[in-house]
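# Structural features, examined
Residues per chain are reported as follows:
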Amino acid sequence: MEFKSLLTIKNLHVSIDLGHTVVKAVDGANIDIRENEILGLIGESGSGKSVLGLAILKLLPPNATVDGEVWFDGANLVESSEEEMRRIRGKEIAWIPQDPATSLNPVLKVGFQISEPMVLHTTLDKEQVRQKTISLLDFFDIQPPERRAEEYPYQYSGGMRQRALIAMGTSTNPKLLIADEPTKGVDTPRKAQVAAMFRRIKRENPGLSILLITHDLRFAQALCDRIAVMYCAQIIEVTPAQTFFEAPLHPYSEALLEALPSRGLKQIPGDMPSMITPPGGCRFHPRCRYARPECRHYEPPFSVIDGTLVRCWRYA
Ligand SMILES: Nc1ncnc2c1ncn2[C@@H]1O[C@H](COP(=O)(O)OP(=O)(O)OP(=O)(O)O)[C@@H](O)[C@H]1O
Ligand SMILES: [Mg+2]
């Protein structure tokens, strides 16, 4: 099958300068987000997932330096102006942050906040914007929508605030939605509802691509078409979701799956290494059951095996 790429990341590096030291939070990432897909970006806490997502939209703090290319709609966003980025964030690529509690403005009514991107970035008139705001609140099950539109964020539950943010993000029919840990703080029974909501968003927005950043493998399995695995600032496997859950290639992917409760709850030995002084060779080698001498000394190249991109000496 032919796939069209919506956004292409080439050799992306992000360094965060902490004054006394520099954290290399993304190290040479290469990945495509395809049209109409849900791509899961998974990996342990601190592996660089959020930083990668924030780098796409240039939402990183000023002490972060980004190198490389992020191609979207014929432009390299790394080189784009702040004015152009504001248009892209408002209209083309929606970012749903990891912490919905602090992402809505506490002193503005939620209905006003949802309508703002439509006022700024679409040709809808005032009445159309009002109607769409109400129908979005209704779509995201924020009831009763007319009353809820007039309320402030503190009057919403955590789940409602998250859904309001997603309503705001999808109001302008973006091409890409990046959702950072949408199940953070959500209990297990409610996770199925969040997954169902994403399926409804896909149904209502034909062609929309979603980058789902999560360390919840079950949630990723319920939704994703492909999975990209990040380990210590590097992307080490990109594969169809079915392959990932049935027969992943990278030893780290294998270990992540074995740590699932349904698969034996086997902890990965050791800790994720420091991003400041990562181990030489393959970054996973100190924790890898298959490690061989070359893994300690040389960075593994990427190999493509049956449609899976994997960075491991076993496949080189
Ligand atoms: N603003 C920042 N200042 C300093 N260091 C940062 C900043 N943001 C991220 N980092 C560092 O960059 C690395 C990657 O962090 P990131 O937040 O991308 O991880 P993550 O994979 O999203 O983790 P989690 O699953 O916990 O959200 C970490 O070592 C983190 O401490
Ligand atoms: Mg994160």
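These numbers come from a predicted model, not from an experiment.

### Looking at the overall build of the chain
Each helix and strand in the chain was counted, giving 11 helices and 12 strands. Against the compact-globule benchmark of 20 Å for 316 residues, the chain has a radius of gyration of 20 Å, which places it among compact chains. Within the chain, the proportion of its 316 residues that are buried is 41%. By sequence separation, contacts in the chain at least 24 residues apart represent 63% of the contacts at least 6 residues apart.

### Regarding unusual backbone geometry
A cis amide bond links Gln143 to the next residue, Pro144, at an omega of -15°. Counting through the fold element by element, Pro144 comes out in the loop between helix 4 (126-139) and helix 5 (145-149). Although it is not a glycine, Asn173 adopts a positive phi angle of roughly 55°. Topologically, Asn173 is positioned in the loop between helix 6 (158-170) and strand 7 (176-180). According to the C-beta neighbour criterion, Asn173 is partly exposed, with 15 such atoms within 10 Å.

### Describing the sheet that holds strand 12 (residues 308-311)
Spatial strand order, 6-7-8-3-9-10-12-11: eight strands in an open sheet with mixed pairing. Both outer strands of the open sheet, strand 6 (93-96) and strand 11 (302-305), are each paired with one neighbouring strand and no more. The sheet shows a mean angle of 20° between the axes of neighbouring strands, direction not considered. Bridge analysis of strand 3 (residues 38-42) against strand 8 (residues 209-213) gives four bridges, and the strand direction is parallel. Residue pairing across strands places Leu39 opposite Leu211, the latter belonging to strand 8.

### Observations concerning the packing of helix 3 (residues 110-121) against helix 4
Running from N to C, helix 3 and helix 4 cross one another at 125°; their axes reach a closest spacing of 9 Å. Our classification of the angle between helix 3 and helix 4 gives oblique. For the pair helix 3 and helix 4, the crossing hand works out as right-handed. Contacts between helix 3 and helix 4 involve Gly111, Ile114, Ser115, Met118 and Val119 from the first element and Val129, Lys132, Thr133 and Leu136 from the second. Partitioned by chemical class, the residues of the contact of helix 3 with helix 4 number five nonpolar, three polar and one charged.

### A word on the sheet that holds strand 2 (residues 22-34)
If you trace the four strands from one edge of the open sheet to the other, you get 2-1-4-5, paired in antiparallel fashion. Since the sheet does not close on itself, it has two edges, and those belong to strand 2 and strand 5 (75-76), each with one partner. For strand 1 (residues 5-17) and strand 2, the ladder comprises 10 bridges, and the chain directions are antiparallel. If you follow Ile9 over to strand 2, its bridge partner there is Ile31. Sheet strands in contact with helix 1 (residues 49-56) are strand 1, strand 2 and strand 4 (64-72), and its direction is about 65° off that of strand 2.

### Description of the environment of Glu254
With respect to the helices and strands, Glu254 occurs in helix 10 (residues 251-258). The exposure class assigned to Glu254 is partly exposed, which follows from the 17 C-beta atoms found within 10 Å. As a C-alpha pair, Glu254 and Ile268 span 14 residues in sequence and 9.9 Å in three-dimensional space.

### Brief notes about the packing of helix 2 (residues 82-92) against helix 3
Angle between the axes and distance between the axes are the two parameters that describe a pair of packed helices. Interaxial distance between helix 2 and helix 3 falls to 9 Å at its minimum, and their mutual angle equals 120°. It follows from the interaxial angle that helix 2 and helix 3 lie oblique. In the crossing of helix 2 with helix 3, the sense of the turn from one axis to the other is left-handed. Listed contacts from helix 3 to Arg87, Gly90 and Lys91 of helix 2 are Pro117, Leu120 and His121. Residues belonging to the contact of helix 2 with helix 3 are distributed by class as follows: two nonpolar, two polar and two charged.

### Details of the site of ligand 1
Taken together, 17 residues sit near ligand 1, with Ala25, Ser45, Lys49, Ser50 and Val51 positioned nearest. Looking at the shell around ligand 1, the elements that each hand over two or more residues are strand 2 and helix 1. Among the elements that line the shell around ligand 1, the one with the most residues is helix 1, at three residues. Within the shell around ligand 1, the residues separate by chemical class into seven nonpolar, eight polar and two charged.

Reading the values: the criteria
Residues numbered from 1 in each chain as written. Chains lettered and ligands numbered in written order. Predicted model: local features only at pLDDT ≥ 70, side-chain atom pairs only at ≥ 80, totals over all residues. Helix = DSSP H or I, 4+ residues; strand = E, 2+ residues; numbered from the N terminus. Rg over C-alpha atoms; globule rule 2.2 N^0.38 Å. Buried ≥ 20, exposed ≤ 12 C-beta atoms within 10 Å, placed from the backbone. Contact = placed C-beta atoms within 7 Å. Pairing = 2+ DSSP bridges. Axes fitted to C-alpha atoms, helices over the stretch in contact; angles between N-to-C directions. Parallel < 35°, antiparallel > 145°, perpendicular 65-115°, else oblique. Left-handed = near helix turned anticlockwise from the far one by under 90°. Nonpolar A, V, L, I, M, F, W, Y, C, P; charged D, E, K, R; others polar. Near = placed C-beta within 6 Å.

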